[in-house]
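Coordinate inspection notes
Now for the letters of each chain:
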Amino acid sequence: ATSDTTYNRVMLKISGEALMGDAGFGLHPPTVERIAKEVKSVHDMGVEICMVIGGGNIFRGLQGSAQGMERTTADYMGMLATVMNALAMQSALEGLGIHTRVISAIPMDQVCEPYIRRRAVRHLEKKRVCIFAAGTGNPYFTTDTAATLRANEMRCEAIFKGTKVDGVYDKDPAKHSDAQRYDKISYDEVLQKHLGVMDASAIALARDNHLPIVVFSLDEPGGFRGILAGDGTHTIVHD
Ligand code: UDP
């Protein structure tokens, strides 16, 4: 990386909903492009970038199962949704001239690469953005857990969780004007207070491997680059 940042390799986790813009469902290509530009600005710093994108803008397993679908089938549909989002992001990034690979936990050779750890590491070394799709490949998990798993496997220095708010608050800042943002908070406190940064299995996996989670606002233009350069409000979840 350049002298602008201390990070060499990071994981960016965004929810599927981040790609839908103001639409209530699916993909909004101008929003995908806006986020791709945020990623490019960090790529331009020389940082190696992994991405995991959720699928909630298209399908969530839990919602499907609540409506009577078999849970694991519904989860596979959710995983497939993440592949669509990954392909949309790949298209937007490549439109900006950035080489990318979509790497799926569930092999689908005509569409993208299968996940092979050493191969993914090599892509990162060659400065290709790696978008990890299909979650962990297992039902009953979330893409937050997938992001934490891949971040550990790729030896990322931190997970950057881009959200609608600029950090972790003691209560929902959209509902309570007196909500307080944490600058730093421990994994255990996040779990005890059910702060909803990520699901509990993702937090525990990060904690057990001392992987910091940086929560920041994806709505802030230039926000991702700013956080990597050491400014901009955020919350860091750590030991
Ligand atoms: N999913 C899964 N295993 C995984 C990751 C995801 O079964 O390892 C399914 C699950 O049904 C989930 C859906 O994919 O609801 C979409 O992922 P997620 O809800 O994490 O997306 P986000 O909320 O980040 O958009």
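Criteria and cut-off values
- Residues numbered from 1 in each chain as written.
- Predicted model: local features only at pLDDT ≥ 70, side-chain atom pairs only at ≥ 80, totals over all residues.
- Near = placed C-beta within 6 Å.
- Helix = DSSP H or I, 4+ residues; strand = E, 2+ residues; numbered from the N terminus.
- Nonpolar A, V, L, I, M, F, W, Y, C, P; charged D, E, K, R; others polar.
- Core = buried A, V, L, I, M, F, W, Y, C linked by C-beta atoms within 7 Å.
- Buried ≥ 20, exposed ≤ 12 C-beta atoms within 10 Å, placed from the backbone.
- Contact = placed C-beta atoms within 7 Å.
- Pairing = 2+ DSSP bridges.
- UniProt positions renumbered as here; feature names shortened; annotations may be inferred.
- Axes fitted to C-alpha atoms, helices over the stretch in contact; angles between N-to-C directions.
- Parallel < 35°, antiparallel > 145°, perpendicular 65-115°, else oblique.
- Left-handed = near helix turned anticlockwise from the far one by under 90°.
- pLDDT = per-residue confidence, 0-100.

Examining the site of the ligand
- Around the ligand sit 23 residues in total, of which Gly54, Gly56, Gly61, Gly78 and Gly135 are the nearest.
- Secondary structure elements with two or more residues in the shell around the ligand: α2 (61–66), α3 (71–95) and α5 (143–153).
- For the shell around the ligand, the leading source of residues is α3, giving 5 residues.
- In terms of residue class, the shell around the ligand is built from 6 nonpolar, 13 polar and 4 charged.

Remarks on the nonpolar core
- Among the nonpolar cores identified, the biggest contains 72 residues, and Met11, Met51, Met89, Ile131, Ile159 and Phe160 are the most heavily contacted of them.
- It is α3 that provides the largest number of residues to this core, a total of 10 residues.
- Contacts of methionine 11, omitting those with residues within four sequence positions, involve Cys50, Val52, Ala147, Arg150, Ala151, Cys156, Ile159 and Phe160.

A few points about the sheet that holds strand β7 (residues 184–186)
- Read across the sheet, 9 strands follow the order β4-β3-β5-β2-β1-β6-β8-β9-β7 without closing on themselves; strand pairing throughout is mixed. Since the sheet does not close on itself, it has two edges, and those belong to β4 (113–114) and β7, each with one partner.
- Pairing analysis gives 3 bridges linking β7 to strand β9 (residues 235–238), with the strands arranged parallel. Bridge pairing links serine 186 to histidine 238 in β9.

Re the UniProt feature "domain: Aspartate/glutamate/uridylate kinase" (unreviewed entry) in the protein
- Feature annotation in UniProt assigns "domain: Aspartate/glutamate/uridylate kinase" (unreviewed entry) to the following positions: residues 9–217.
- Secondary structure content for residues 9–217 is 39% helix and 18% strand, and the end C-alpha separation is 20 Å.

Concerning the UniProt feature "binding site: ATP" (unreviewed entry) in the protein
- In the numbering adopted here, UniProt assigns the feature "binding site: ATP" (unreviewed entry) to Lys13, Ile14, Ser15, Gly16, Gly56, Arg60, Thr163, Tyr169 and Asp172. In terms of the greatest pairwise C-alpha distance, the residues named above, spread along 160 residues, do not form a single cluster, extending to 25.0 Å across.
- Of note, glycine 56 is situated in the loop between β2 (48–53) and α2.
- Judged by C-beta crowding, with 22 C-beta atoms within 10 Å, glycine 56 ranks as buried.
- Residues contacting glycine 56, with those up to four places away along its chain left out, are Ser15, Gly16 and Glu17.
- Mapped onto the secondary structure, threonine 163 falls in strand β6 (residues 158–163).
- Assessed through the 19 C-beta atoms surrounding it within 10 Å, threonine 163 is described here as partly exposed.

Here's the deal with unusual backbone geometry
- The residue alanine 134 is not glycine, and still its phi comes out positive at about 65°.
- Structurally, alanine 134 is set in the loop between β5 (129–133) and α5.
- Assessed through the 27 C-beta atoms surrounding it within 10 Å, alanine 134 is described here as buried.
- The backbone phi angle of tyrosine 140 is positive, close to 75°, even though this residue is not glycine.

With respect to the packing of helix α1 (residues 29–43) against α3
- One can describe the packing of α1 onto α3 by two numbers: an axis separation of 9 Å at closest approach and a directional angle of 60°. By the angle between their directions, the pair α1 and α3 is classed as oblique. Crossing of α1 over α3 shows right-handed handedness. Contact residues: α1 offers Val32, Glu33, Ala36 and Val39, while α3 offers Ala88, Met89, Ala92 and Leu93.
- Considering only residue class, the contact of α1 with α3 consists of 7 nonpolar, no polar and 1 charged.

Observations regarding the pairing of β5
- Most of β5 is tucked away, with 5 of its 5 residues classed as buried.
- Burial along β5 is two-sided: Val129, Ile131 and Ala133 and Cys130 and Phe132, pointing in opposite directions, are all buried.
- Summarising the sheet, β2 and β5 pair through 3 bridges and their orientation is parallel. Across the sheet, methionine 51 pairs through a bridge with isoleucine 131, a residue of β5.
- Bridge count between strand β3 (residues 100–104) and β5: 5 bridges; the pairing is parallel. Of the residues in β5, the one forming a bridge with serine 104 is alanine 133.

Some words on the confidence of the model for the protein
- Of all residues in the protein, 100% have pLDDT values of 70 or greater, and the mean over the chain is 96.
- Across the assembled chains, the prediction reports ipTM 0.98 with pTM 0.98.

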